[in-house]
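If you want the building blocks of each chain, they are given just below.
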There are 4 protein chains.
Amino acid sequence: MCRWLAYSGSPVLIEDLLYRPKHSLIDQSLHSKLGAETTNGDGFGVGWYGVGETPGVFRSIEPAWNDRNLREISRHIDSPLVFAHIRAAIGSVVQQTNCHPFRYGRWLFMHNGFIGEFSKVKRDLVLAVDPTLYESIEGSSDTEVFFFLALTFGLEDDPPAAVEAAVGLIEDVGRRHGVEQPIQMTVATTDGKRVWGFRYSSVRDSRSLFYSTDVATLRTLYPEVEILHEVSDESRLIVSEPIGDLPGAWNEVPESSYGVVDEGQDELRPFTPKAPSRPTAVPA
Amino acid sequence: MCRWLAYSGSPVLIEDLLYRPKHSLIDQSLHSKLGAETTNGDGFGVGWYGVGETPGVFRSIEPAWNDRNLREISRHIDSPLVFAHIRAAIGSVVQQTNCHPFRYGRWLFMHNGFIGEFSKVKRDLVLAVDPTLYESIEGSSDTEVFFFLALTFGLEDDPPAAVEAAVGLIEDVGRRHGVEQPIQMTVATTDGKRVWGFRYSSVRDSRSLFYSTDVATLRTLYPEVEILHEVSDESRLIVSEPIGDLPGAWNEVPESSYGVVDEGQDELRPFTPKAPSRPTAVPA
Amino acid sequence: MCRWLAYSGSPVLIEDLLYRPKHSLIDQSLHSKLGAETTNGDGFGVGWYGVGETPGVFRSIEPAWNDRNLREISRHIDSPLVFAHIRAAIGSVVQQTNCHPFRYGRWLFMHNGFIGEFSKVKRDLVLAVDPTLYESIEGSSDTEVFFFLALTFGLEDDPPAAVEAAVGLIEDVGRRHGVEQPIQMTVATTDGKRVWGFRYSSVRDSRSLFYSTDVATLRTLYPEVEILHEVSDESRLIVSEPIGDLPGAWNEVPESSYGVVDEGQDELRPFTPKAPSRPTAVPA
Amino acid sequence: MCRWLAYSGSPVLIEDLLYRPKHSLIDQSLHSKLGAETTNGDGFGVGWYGVGETPGVFRSIEPAWNDRNLREISRHIDSPLVFAHIRAAIGSVVQQTNCHPFRYGRWLFMHNGFIGEFSKVKRDLVLAVDPTLYESIEGSSDTEVFFFLALTFGLEDDPPAAVEAAVGLIEDVGRRHGVEQPIQMTVATTDGKRVWGFRYSSVRDSRSLFYSTDVATLRTLYPEVEILHEVSDESRLIVSEPIGDLPGAWNEVPESSYGVVDEGQDELRPFTPKAPSRPTAVPA
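Rules and cut-offs
- Residues numbered from 1 in each chain as written.
- Chains lettered and ligands numbered in written order.
- Predicted model: local features only at pLDDT ≥ 70, side-chain atom pairs only at ≥ 80, totals over all residues.
- Heavy atoms only, no water.
- Disulfide = S-S within 2.5 Å.
- Buried < 20%, exposed > 50% of the residue type's maximum accessible area, 1.4 Å probe, protein only.
- Least-squares fit on C-alpha atoms with pLDDT ≥ 70 in both.
- Contact = heavy atoms within 4.5 Å.
- Buried area = accessible area lost by both parts, 1.4 Å probe.
- Salt bridge = Lys/Arg side-chain N within 4 Å of Asp/Glu carboxyl O.
- Polar contact = N/O pair within 3.5 Å; in protein donor to acceptor, adjacent residues only side chain to side chain.
- Helix = DSSP H or I, 4+ residues; strand = E, 2+ residues; numbered from the N terminus.
- Pairing = 2+ DSSP bridges.
- Axes fitted to C-alpha atoms, helices over the stretch in contact; angles between N-to-C directions.
- Nonpolar A, V, L, I, M, F, W, Y, C, P; charged D, E, K, R; others polar.
- Core = buried A, V, L, I, M, F, W, Y, C linked by side-chain atoms within 4.5 Å.
- Parallel < 35°, antiparallel > 145°, perpendicular 65-115°, else oblique.
- Left-handed = near helix turned anticlockwise from the far one by under 90°.

**Examining the state of the cysteines**
Residues and elements named next belong to chain A.
Move 1: Using the criterion set out here, one finds zero disulfides over all chains in the structure.
Move 2: Between cysteine 2, a cysteine without a disulfide, and cysteine 99, which holds the nearest cysteine sulfur, the sulfur-to-sulfur distance is 9.6 Å.
Move 3: Taking relative accessible area as the criterion, cysteine 2 reaches 6% and is therefore assigned buried.

Below, the structure written as structure tokens:
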């Protein structure tokens with residue numbers, strides 16, 4: 001399992017997101033409370049938007065808690081949209097190309113969970129990736145294949161539909177191979193403007209996912225917390241497990257649903273996998 | 001490009017193979033004379049047979065010249081059959097799973113050269129890998145796919161025929177995609193008893209490959225060189241470029257041919273790629 | 001804190017020591033039960049005697065649980081005397097030169113615990129290291145300085161006296177700087193023949209330390225455990241916390257004492273720090 | 001030896017400094033023309049000023065030419081003052097804490113060259129470091145000790161005088177130990193506003209050092225080079241060896257001198273080591 005955090009809002013120093021809070025993501029890399037594993041020490045990654053057309057991505061196979069370069073860049077980069085992920089590998093190799101978030105163009109993608117019995121289904125899933133996208137796959141993880149399936153099914157145009165199609169295919173292929181739990185997931189993806197957060201699992205018992213209460217409410221509840229007065233009303237966090245210890249600060253994303261963090265208004269909707277009906281390269 | 005060395009014979013300390021000689025492989029990692037690149041600093045690997053059913057493989061993404069652990073294990077492991085490889089990456093990521101030698105069961109495989117325009121042909125080649133072998137592919141390099149194609153075509157039964165079939169397929173697929181130089185290669189493979197060394201390229205202008213003169217001859221030529229009196233008559237080295245500076249010590253493997261180092265007698269034969277005629281998963 | 005293991009006896013595969021047992025040292029790297037920290041993911045090291053004059057040392061800053069090269073060499077090296085250490089850094093940098101075991105000539109040294117408020121006392125302690133040894137210090141950890149102090153005070157001649165002198169100095173210097181807990185330690189050291197294990201702390205509340213019951217007794221208690229019939233009567237393990245789950249297999253080393261594992265007979269004696277009376281470079 | 005680059009001027013993307021130019025610093029990591037070694041693959045470092053009180057420092061032991069994180073942060077950070085260094089280790093360990101630039105508070109320091117026979121003089125030099133600074137030394141390199149000596153002698157108040165004192169001491173201690181070439185150096189240091197570049201060696205045959213011609217002159221010479229119209233008149237580069245291929249773009253810093261890049265006006269002055277006359281901790 002893994003832990004992750006997605007931030008969207010007023011530009012903040014990455015350090016303020018990753019290191020400063022009580023029970024921060026960095027703290028969770030050693031002492032996760034809600035994760036399937038307490039230690040998430042098999043590499044990490046941070047993606048952020050700022051200078052440059054595409055987001056920056058810094059990934060390493062060292063444990064996040066003792067990576068000095070992560071601490072350095074966290075102190076020296078601020079950004080209005082940050083993805084961060086700490087990994088507890090279950091199966092695939094610990095290497096930079098397997099660390100989240102994954103990037104394609106302006107898109108980032110990260111995942112907590114797994115594609116069930118990935119070695120059984122990997123070949124069929126990889127074959128379903130658009131051949132023009134295929135060559136951009138660099139690592140060997142289940143999540144990267146998941147991301148490229150979502151891209152194949154139109155992530156850049158309609159993220160919820162694309163993720164629903166990818167998950168539909170993963171469940172379909174999995175079941176054909178006798179996999180009992182084809183997918184377990186919380187997923188975040190972004191184009192640098194909006195953030196989508198998904199919670200789903202084939203067994204309807206998904207990993208935890210939380211989003212932060214709106215900032216105006218938080219300010220009323222906690223007038224003394226300084227940071228709440230610095231960030232804009234639009235600022236939001238989506239996280240695998242709550243950070244900090246403010247009661248009332250976190251709402252759980254319901255089972256089998258997804259949320260969108262957008263400038264205008266946030267939304268929460270049901271998530272329903274749909275195996276693509278159009279013929280793909282996957283053998284029947 | 002890369003540099004490599006294959007040793008078979010009396011057990012020797014790995015250090016004696018990699019560090020001791022003039023113009024050693026470690027020296028070549030900084031100052032190759034015959035390589036397409038003078039620096040081979042993008043990781044390395046050593047494979048050896050000894051304790052255990054399968055060969056040991058130690059691989060790292062650090063330059064060989066300053067890896068302390070390589071120096072340590074080299075001083076403390078002796079073996080009768082050693083493969084060593086230093087990498088100059090051209091395209092694929094520098095990560096442990098892309099370092100040579102690659103291992104499957106008792107087999108090792110390493111390569112200097114490339115599959116031309118790999119990103120164009122990768123998908124077709126990967127599809128031709130036996131689906132039961134597919135899941136054992138861990139990295140993203142051209143050589144690993146080449147190895148798994150050779151395994152698909154029977155490497156464990158008839159190595160020359162399997163490599164000829166793999167190369168035949170690579171050339172066939174490459175030409176269908178308009179690749180001018182589908183393959184450039186010197187390759188070594190072993191099952192822990194015999195060693196096969198191949199030299200070939202689609203343009204018939206292959207990377208250099210040398211094998212050592214038989215030890216008895218060397219002893220006569222160089223009675224004062226101590227190591228020659230310690231190793232058995234059967235001991236042989238196959239290398240990308242000569243090590244040491246003994247005139248008469250090295251013979252070039254001819255263009256488009258392969259050699260076998262065996263207990264009884266060594267052989268040198270022509271190498272002729274043969275595209276597999278049996279139908280494969282590759283679309284016509 | 002850290003966890004460590006010292007083995008002396010019949011040659012065994014390192015893998016059998018580190019990976020095979022229930023609650024193995026590798027398992028402890030993720031889930032220590034008795035350690036001050038549950039995770040020991042800040043690098044590791046293995047030292048072993050075999051081929052070569054000096055022991056081999058393999059150290060890495062990756063967590064032990066996912067280091068592929070550790071697994072490889074563990075499967076392919078057997079040895080009659082093995083030190084292994086997993087680190088939970090508290091202060092000093094995570095770098096190879098700070099990983100245990102440390103080596104000097106034929107000697108190995110490893111430590112669980114700390115020199116209290118090391119930054120306050122470091123300079124004085126380093127000054128007390130014999131100037132001819134000083135240049136061999138490579139890292140920045142408290143343990144390496146401790147090792148070089150023990151070497152300065154005659155480790156190679158009389159290990160218990162040398163460690164008592166080093167600890168005496170550390171406590172003396174610490175107290176002069178107002179350090180409340182100058183030292184906390186379990187330590188193992190060896191010359192490749194005998195192994196010394198020390199347990200001590202300034203506050204007399206030392207980290208746990210255990211040694212294995214003699215093999216003959218274990219064989220009687222557990223006739224069905226195969227490995228006990230393969231290793232010699234002399235074989236011994238000293239560990240930070242028990243490995244496996246055989247009741248009766250482990251004895252705790254008493255507070256403020258040390259043991260010697262020797263070919264003839266093991267001993268257990270009191271440990272009494274003695275600040276060196278001879279003048280040193282340390283300013284009064 | 002090593003190669004380095006110091007930039008001061010209009011904010012630029014680090015990528016434009018390190019990767020874009022012909023014969024860029026990254027290119028020099030594989031193919032240095034003027035360096036004592038052609039390959040500078042033993043780690044690297046980048047320091048920059050921007051967000052945050054102190055400069056950011058990103059250091060790694062991988063060769064600069066294939067470090068993906070360096071490429072990422074280079075594309076996503078811009079800064080008005082950048083130090084970059086690629087290392088060819090001669091003696092001291094390849095580890096992050098030995099990579100340049102070194103940082104203390106707002107200061108950065110980097111060096112090409114060496115302290116001669118460092119292991120002989122190290123102890124005396126370390127003893128001369130102010131005890132309150134001593135505990136901030138993290139690595140084992142000659143340059144870090146040099147930096148802390150300069151800090152001891154007042155770097156933050158009068159950089160040229162402090163470097164002259166440090167070099168004076170290094171030469172003094174070296175000569176007392178019979179070292180023929182106590183120091184060989186080009187050095188850059190900065191407080192985030194001004195940059196000092198030093199060129200000196202005990203044998204008066206120092207490593208090369210160049211500074212860029214003023215931008216206005218360059219614009220006249222090369223009206224077609226776009227970047228020259230984007231950066232301010234004050235922008236300057238100081239480098240170990242010329243970058244790019246514009247004739248007239250580079251001036252050599254004379255032997256035994258130093259330059260200051262300042263907002264008002266640049267200066268070039270003689271450099272004269274002065275052993276500190278005040279008593280230090282160094283034994284006579």
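**Notes on the relation of the copies chain A and chain C**
Move 1: Take chain A, turn it by 180°, move it 0.0 Å along the axis, and it overlays chain C with an RMSD of 0.0 Å. Overall, the copies show the geometry of a two-fold rotation axis. Considering only C-alpha atoms, the part of chain A nearest the rotation axis is A:Glu62, at 3.2 Å.

**Examining the interface of chain D and chain A**
Move 1: Counting from both sides, the interface comprises 23 residues of chain D and, opposite them, 23 residues of chain A.
Move 2: The junction of chain D with chain A conceals about 1,800 Å² of combined surface from both sides, 44% of it contributed by carbon and sulfur atoms.
Move 3: One can count four salt bridges joining chain D with chain A.
Move 4: Between A:Arg103 and D:Glu72 there is a salt bridge; the shortest N-O distance is 2.6 Å.
Move 5: Linking chain D to chain A there are 14 residue pairs in polar contact (both at pLDDT 80 or more).
Move 6: Contributions of two or more residues to the side of chain D that touches chain A are made by strand E3 (56–60) and helix H3 (68–76) of chain D.

**Here we look at the sheet that holds strand E5 (residues 102–104) of chain B**
Residue and element names in this part refer to chain B.
Move 1: The antiparallel open sheet is built from six strands, whose spatial order is E5-E6-E7-E8-E12-E13. Looking along the sheet, the strands with just one partner apiece sit at the ends: E5 and strand E13 (267–270). Adjacent strand axes in the sheet meet at a mean angle of 15° when their direction is disregarded.
Move 2: Bridge count for E5 against strand E6 (residues 107–115) is three bridges, and the pairing is antiparallel. Each residue of the ladder has a partner; that of arginine 103, found in E6, is leucine 108.

**Observations regarding the sheet that holds strand E10 (residues 236–239) of chain C**
Move 1: Reading across the sheet, the seven strands line up as E3-E2-E4-E1-E10-E9-E11 (chain C) and stay open at both edges, with antiparallel pairing between neighbours. At either margin of the open sheet sits one strand with a lone partner, and together these are strand E3 (56–60) and strand E11 (250–252) of chain C. Across the sheet, the mean angle from the axis of one strand to that of its neighbour is 15°, orientation sign disregarded.
Move 2: In this sheet, E10(C) lies alongside strand E1 (residues 2–13) of chain C in antiparallel orientation, the contact comprising four bridges. Bridge pairing links C:Ala6 to C:Ile238 in E10(C).
Move 3: Along the sheet face, helix H3 (residues 68–76) of chain B touches strand E2 (44–48) and E3 of chain C and points at about 155° away from the line of E3(C).

**Topic: the interface of chain A and chain C**
Move 1: Contacts between the two partners involve 14 residues from chain A, matched on the other side by 14 residues from chain C.
Move 2: Taking both sides of the interface into account, the surface hidden between chain A and chain C amounts to around 1,000 Å²; carbon and sulfur atoms contribute 55%.
Move 3: Taken together, the residues that form the side of chain A that touches chain C break down as six nonpolar, four polar and four charged.

**Observations regarding the nonpolar core**
Move 1: By size, the foremost hydrophobic cluster in this structure holds 129 residues, and its most contacted members are A:Leu18, B:Leu18, C:Leu18 and D:Leu18.
Move 2: If sequence neighbours within four positions are ignored, A:Leu18 has contacts with A:Leu5, A:Ser24, A:Leu25, A:Ile26, A:Val46, A:Leu70, A:Ser74 and A:Ala84.

**As for the pattern of salt bridges**
Move 1: Within this structure, the stated rule accounts for 52 salt bridges over all chains.
Move 2: Residue D:Arg175 pairs with D:Glu171 through a salt bridge whose shortest N-O separation is 3.7 Å. Of this pair, D:Arg175 and D:Glu171 both sit in helix H7 (residues 159–176), four residues apart, which is roughly one turn of the helix.
Move 3: A relative accessible area of 5% places D:Glu171 in the buried class.
Move 4: Taken together, the shared-partner salt bridges connect A:Glu15, A:Asp16, A:Arg20 and A:Arg75 into one network.

**Section: the packing of helix H6 (residues 142–152) of chain B against helix H7 (residues 159–176) of chain B**
All names here are of chain B.
Move 1: Across the interface, H6 lies against H7 with an axial gap of 8 Å and an inter-helix angle of 125°. Comparing their axes, H7 and H6 come out oblique. Helix-helix and strand crossings are classified by hand; for H6 and H7 the assignment is right-handed. On H7, the residues touching Phe146, Leu149 and Ala150 of H6 are Ala162, Val163, Ala166, Val167, Leu169 and Ile170.
Move 2: Taken together, the residues of the contact of H6 with H7 sort by class into nine nonpolar, no polar and no charged.

**Things to note about the side chain of D:Ser201**
Residues and elements named next belong to chain D.
Move 1: Mapped onto the elements of the fold, serine 201 is located in strand E8 (residues 195–201).
Move 2: Among the residues examined, serine 201 registers a relative accessible area of 0% and is labelled buried.
Move 3: A distance of 2.9 Å separates a polar side-chain atom of serine 201 from the backbone nitrogen of aspartate 205.

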